[in-house]
Amino acid sequence: MSDLNDRLLAAHAADDRWALVALYTQAADQANTVDAACFFLTQAYIFGLEMAHPNVPVLHARLLKEGRV
């Protein structure tokens, strides 16, 4: 996850919110626990909401499935 972390940091530094949605979603997919996955999904969801990203409904559904919305 080190490479992913580096890419997340670079996307934050560049304020690349489209990349942040994808990268946080990827981090959620790779997370070892439901709590970690939901943390990353929440980050992706928030950045997605800020720009009406097309993945918002999918992210919302994943969070809802885990009882996090």
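Residues numbered from 1 in each chain as written. Predicted model: local features only at pLDDT ≥ 70, side-chain atom pairs only at ≥ 80, totals over all residues. Heavy atoms only, no water.

### Considering the packing of aromatic side chains
For clarity, the threshold we go by: Pairing of aromatic rings covers Phe, Tyr and Trp, the last counted by its six-membered ring, and requires centre-to-centre distances within 6.5 Å; plane angles under 30 degrees mean stacked, over 60 mean edge-to-face, and any other angle means tilted. What counts as a helix is a DSSP run of H or I of at least four residues, what counts as a strand is a run of E of at least two, and both are numbered from the N terminus. A simple rule labels every residue: compare its accessible area, found with a 1.4 Å probe on the protein chains alone, to the largest value its type can have, and call it buried under 20%, exposed over 50%, or partly exposed in between.
Applying the stated criterion to the full structure yields three aromatic pairs. Each ring, one from Tyr-24 and one from Phe-47, has its centre 6.1 Å from the other, and the planes form 5°; the classification is stacked. One end of the pair, Tyr-24, is in helix H2 (residues 17–30); the other, Phe-47, is in helix H3 (residues 34–50), with 23 residues separating them in the sequence. Each of the two residues, Tyr-24 as well as Phe-47, counts as buried. Measuring from ring centre to ring centre gives 5.4 Å for Phe-39 and Phe-40, while their planes differ by 70°; the resulting arrangement is edge-to-face. Given a relative accessible area of 48%, Phe-39 falls into the partly exposed group. In textbook terms, an aromatic cluster arises when at least three aromatic residues are bridged by ring pairs, as seen for Tyr-24, Phe-39, Phe-40 and Phe-47.

### Digging into the nonpolar core
Note the following rule: Remark: nonpolar core denotes a set of buried residues (Ala, Val, Leu, Ile, Met, Phe, Trp, Tyr, Cys) joined through side-chain atoms within 4.5 Å.
In terms of nonpolar packing, the biggest core is built from 19 residues, with Leu-8, Leu-20, Tyr-24 and Leu-59 touching the most fellow members. Of all elements in the fold, only helix H1 (2–14), H2, H3 and helix H4 (56–65) reach the threshold of two or more residues within this core. With seven residues, H3 is the largest single contributor of residues to this core.

### Description of the pattern of salt bridges
Oppositely charged side chains may form a pair once their charged atoms are brought near each other. Note the cut-off: Basic side-chain nitrogens of Lys or Arg form a salt bridge, by our definition, when they fall within 4 Å of a carboxyl oxygen of Asp or Glu.
Evaluated as defined, the whole model comprises five salt bridges. Across the pair Arg-7 and Asp-3 runs a salt bridge, and its minimum N-O distance is 3.2 Å. Here Asp-3 and Arg-7 lie together in helix H1, a separation of four residues that amounts to about one turn. Each member of the salt-bridge network shares a partner with another, and the members are Asp-15, Arg-17 and Glu-50.

### Considerations on unusual backbone geometry
Its identity as a non-glycine residue notwithstanding, Asp-15 has a phi of 55°, on the positive side. Tracing the backbone shows Asp-15 in the loop between H1 and H2. Residue class for Asp-15 comes out partly exposed when judged on its relative accessible area of 47%. Not every positive phi belongs to a glycine, and Ala-52 is a case in point at roughly 55°.

### Section: the environment of Ala-11
By secondary structure assignment, the location of Ala-11 is in helix H1. Taking relative accessible area as the criterion, Ala-11 reaches 6% and is therefore assigned buried.

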